[in-house]
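# Coordinate analysis (summary)
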Amino acid sequence: MAMEMRLPVARKPLSESLGRESKKHLVVPGDTITTDTGFMRGHGTYMGEEKLIASVAGSVERVNKLICVKALKTRYNGEVGDIVVGRITEVQQKRWKVETNSRLDSVLLLSSMNLPGGELAEVQAVFSDGAVSLHTRSLKYGKLGQGVLVQVSPSLVKRQKTHFHDLPCGASVILGNNGFIWIYPTPEHKEEDAGGFIANLEPVSLADREVISRLRNCIVSLVTQRMMLYDTSILYCYEASLPHPIKDILKPEIMEEIVLETRQRLLEQEG
Amino acid sequence: MASVALSEAEKVYIVHGVQPLKITVLKEDLRVDGRGCEDYRCVDVETDVVSNTSGSARVKLGHTDILVGVKAEMGTPKLEKPNEGYLEFFVDCSANATPEFEGRGGDDLGTEIANTLYRIFNNKSSVDLKSLCISPREHCWILYVDVLLLECGGNLFDAISIAVKAALFNTRIPRVRVLEDEEGSKDIELSDDPYDCIRLSVENVPCIVTLCKIGYRHVVDATLQEEACSLASLLVSVTSKGVVTCMRKVGKGSLDPESIFEMMETGKRVGKVLHTSLQNILHKEESLGTKRQKVGFLG
């Protein structure tokens, strides 16, 4: 049995440990971004008293003449075509309410799977008040079986062409755009009705469980160090964590070490 | 208690992780975050975080965040125990922890935790109450222990008991003298030196170990998801020597007497290790003295 107590350590600002030369322009609501009126206003900004003021806390992004502020920590704002993982919270007459970590609950109309549980769906439309309408496009989506859900901030999930990843280490990962990440054991044979009605409740083997737990801890450590989540970063982090026992990954010093190694590998790969 | 909604499949996954497939294979215990059935999450303990209290401590156990402040005030002893001071517990579940606690939502949980704390301290040896007496039947120290729940991430009772013990260790009660005049009227004099104080001995202060029954095994330090899968839990309050001061069952499910016995043994074992780690970290913190970098709430 293991029990570890420690004194808290102040967190180091990330830019120091990264050694980044260019610091991002961070603003809080009310900060002036620029007094130059030639720029177009994007999301997260508004014009007041001849200057451009930020309305959310985040980093300033500039694309030619467009200035916008990208919020660092926000609830999920749906976009058409996004893949999300949600939890059914309410069953109403013709639709279900799905919790997707957004400002309002999303709705799932009855033309999809019937059973309550974890559901994978695609955003069909966004209502004016921000509520999102989902639909499960094909039988590939639907109710999820056994696995682990990790909730992270939506801004950390990178937008990619595909969100289903079968990792070579033996488990599969679904990166929902809303920040809900589902880790599950790779099914041995692809069934035709993969989004089936009955979830597979057989016990999962120990080897698969270890992979899933390790992946879960890796994702949590990437999130704590504010790294973007996509299949490559998760895979590199998994490989960097292999020398350590699974439960040690969550210790702060080992977490930093693993994420640093992941970061370096990603930089090497890009450069 | 704050809880998360889980689907059937997720619950099945968690339960199968805790209990092995075959009863003979006892080695297989792998929870969702890789811990074994008797492993705790990493605990961060810091004392002396609130400056206007006599003693304070903050404990972070995974996502559970507890702040305890102890204030020592003078008052009259209870009628049935004229030679002793006493402790008063108050637990505030702040709406910070979960929206369910908004308004009066957290009161039920708060009273439940406070009653449990009263029960575990309700014996002669936990805290030396006689040392809190100033003059019998007239003056004594009352220690008001206030617990604030900042974030709820499962395993509240354990974290609260660790924080209470750490705060009592950190408590500094000013030394007073009772002067008697010729006419017989008593005067209480506070010593001039602000550092002249008495400290409580927390050797026998118990800590709570919560054992949640999942399937037919039990786990220590359950997360919110694991608590949602367990129907019954046993709270065992253990001192550093392994003596059980109080036991309480919570939850809708039933517990077999044999499993209660097993859980109690596990609780005693785990409790002893918990106490040794806590003593070590508290002494280490104290030995750092003024060199210690205070992290507080902005770290």
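Every value quoted in this text rests on a predicted model; they were computed, and no experiment measured them. (Residues numbered from 1 in each chain as written. Chains lettered and ligands numbered in written order. Predicted model: local features only at pLDDT ≥ 70, side-chain atom pairs only at ≥ 80, totals over all residues. Heavy atoms only, no water.)

## What about the pattern of salt bridges?
Residues and elements named next belong to chain A. Definition in use: Every case where a carboxyl oxygen of Asp or Glu lies within 4 Å of a side-chain nitrogen of Lys or Arg is listed as a salt bridge. Accessibility here uses a 1.4 Å probe with only protein chains present; expressed as a share of the type maximum, an area under 20% marks a residue as buried, one over 50% as exposed, and anything in between as partly exposed.
On inspection of all chains with the given rule, the structure shows 20 salt bridges over all chains. Across the pair E4 and R6 runs a salt bridge, and its minimum N-O distance is 2.3 Å. Residue E4 is classed as partly exposed on the basis of its relative accessible area of 24%. On the basis of relative accessibility, which here comes to 14%, the residue R6 falls in the buried class.

## Some points on the packing of helix α3 (residues 231–241) of chain A against helix α4 (residues 252–270) of chain A
All names here are of chain A. What counts, and what does not: Axis definition: a line fitted to C-alpha atoms, over the contacting stretch in the case of helices. Angles run 0 to 180 degrees between N-to-C directions. Helix and strand definitions here come from DSSP, where helices need a minimum of 4 consecutive H or I residues and strands a minimum of 2 consecutive E residues; each element is numbered from the N-terminal end. In what follows, roughly perpendicular refers to angles from 65 to 115 degrees, roughly parallel to angles under 35, roughly antiparallel to angles over 145, and oblique to any angle outside these ranges. Note on convention: the crossing is left-handed when the near helix lies turned anticlockwise from the far helix by less than a right angle, right-handed when the turn is clockwise. Here a residue-residue contact requires only that any non-hydrogen atoms of the pair lie within 4.5 Å.
In contact at an axis separation of 9 Å, α3 and α4 are set at 130° when each is read in the N-to-C sense. With respect to α4, the element α3 is oriented oblique. Read as a crossing pair, α3 and α4 show a hand that is right-handed. Within the contact between the two elements, α3 uses T232, S233, Y236, C237, E239, A240 and S241 and α4 uses I258, E261, T262, R265, L266 and Q269.

## Describing the environment of B:R292
Summarising the element assignment, B:R292 is placed in the segment after α5 (257–288). Apart from residues no more than four positions distant in its own chain, B:R292 is found in contact with B:E46, B:T47, B:D48 and B:E285.

## Observations regarding a nonpolar patch on the surface
How we decide: Patches here: salt-bridge-free residues with over 30% relative accessible area, like charges joined within 9 Å, nonpolar side chains (Val, Leu, Ile, Met, Phe, Trp, Tyr) joined within 5 Å. Per-residue and other accessible areas were derived by the Shrake-Rupley procedure at a 1.4 Å probe size, with only the shown protein chains allowed to occlude residues.
On the surface, a nonpolar cluster with roughly 270 Å² of combined accessible area is contributed by A:M40, A:V63 and A:L66. Looking at where A:L66 falls in the secondary structure, it is placed in strand β8 (residues 66–71).

## A word on the UniProt feature "domain: Exoribonuclease phosphorolytic" (unreviewed entry) in chain B
All names here are of chain B. As a reminder, the rule being used: UniProt positions are given in the numbering used here, feature names are shortened, and annotations may be inferred rather than shown by experiment.
The UniProt entry lists residues 40–174 and 204–269 under the feature "domain: Exoribonuclease phosphorolytic" (unreviewed entry), expressed in the numbering used here. Within residues 40–174, the helical portion is 21% and the strand portion 38%, while the C-alpha atoms at the span's ends are 36 Å from each other. In residues 204–269, helix accounts for 29% and strand for 39%; the two terminal C-alpha atoms are 16 Å from one another.

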